[in-house]
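Each chain, written out:
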Amino acid sequence: QVQLVESGGGLVQAGGSLRLSCAASGRTFATYGMGWLRQAPGKERELVAAISGSGGSTTYADSVKGRFTISRDNAKNTVYLQMNSLRPEDTAVYYCAAVRRTTMTEMPNEYDYWGQGTQVTVSS
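This one's a predicted model, so the numbers in the text were calculated from it and none came from an experiment.

### As for the overall build of the protein chain
Reasoning step 1: A count of helices and strands for the protein chain gives zero helices and 11 strands.
Reasoning step 2: Secondary structure elements of the protein chain, listed N to C terminal, follow the sequence β-β-β-β-β-β-β-β-β-β-β.
Reasoning step 3: Its C-alpha radius of gyration of 13 Å places the protein chain within 12% of the 14 Å reference for a compact globule of 124 residues.
Reasoning step 4: Residues classed as buried in the protein chain amount to 45% of the 124 residues present.

In structure tokens:
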């Protein structure tokens, strides 16, 4: 069982930056692929970025490539999402999620554990 707690959301102007953090419980963090997903009002939950257990592989949604960076620190049981050049269309609730394998996944329905979510609002 893994518990995930996100932090770092908030209100920012377009063009600004935020860094989200997700702290995980347990002693086997490196055995989980991790992802950041988001859900805007009236829209389906979508993958933003994912990272393998070792951190050696990452993938991004086309809409955030070149602006967002996912990383992890296995010694601290934490995964991060650095978001730069934010746009109003990035406004959503952002969720941290874990999958019970070391490889990453782009499929929201394959994640086994979810955080409670953190709101990111980008004003124009």
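### Quick look at the environment of V122
Reasoning step 1: Positionally, V122 belongs in strand 11 (residues 118–123).
Reasoning step 2: Among the residues examined, V122 registers a relative accessible area of 5% and is labelled buried.
Reasoning step 3: Along the primary structure V122 and K76 are separated by 46 residues, whereas in three dimensions their C-alpha atoms are 29 Å apart.

### A closer look at unusual backbone geometry
Reasoning step 1: Positioned with a positive phi, N77 is a non-glycine residue whose angle comes to about 55 degrees.
Reasoning step 2: Locating N77 in the fold gives a position in the loop between strand 7 (68–73) and strand 8 (78–83).
Reasoning step 3: At S85, a position not held by glycine, the phi torsion is positive, near 50 degrees.
Reasoning step 4: With respect to the helices and strands, the residue S85 is situated in the loop between strand 8 and strand 9 (92–99).

### Describing the sheet that holds strand 1 (residues 4–7)
Reasoning step 1: Taken together, four strands build an open sheet; the order of strands is 1-3-8-7 and the sheet is antiparallel. Both outer strands of the open sheet, strand 1 and strand 7, are each paired with one neighbouring strand and no more. Averaged over all neighbouring strand pairs, the angle between strand axes comes to 15 degrees, with direction disregarded.
Reasoning step 2: Here strand 1 pairs with strand 3 (residues 18–24) via four bridges, running antiparallel. If you follow V5 over to strand 3, its bridge partner there is A23.

Calculation rules
Residues numbered from 1 in each chain as written. Predicted model: local features only at pLDDT ≥ 70, side-chain atom pairs only at ≥ 80, totals over all residues. Heavy atoms only, no water. Helix = DSSP H or I, 4+ residues; strand = E, 2+ residues; numbered from the N terminus. Rg over C-alpha atoms; globule rule 2.2 N^0.38 Å. Buried < 20%, exposed > 50% of the residue type's maximum accessible area, 1.4 Å probe, protein only. Pairing = 2+ DSSP bridges. Axes fitted to C-alpha atoms, helices over the stretch in contact; angles between N-to-C directions.

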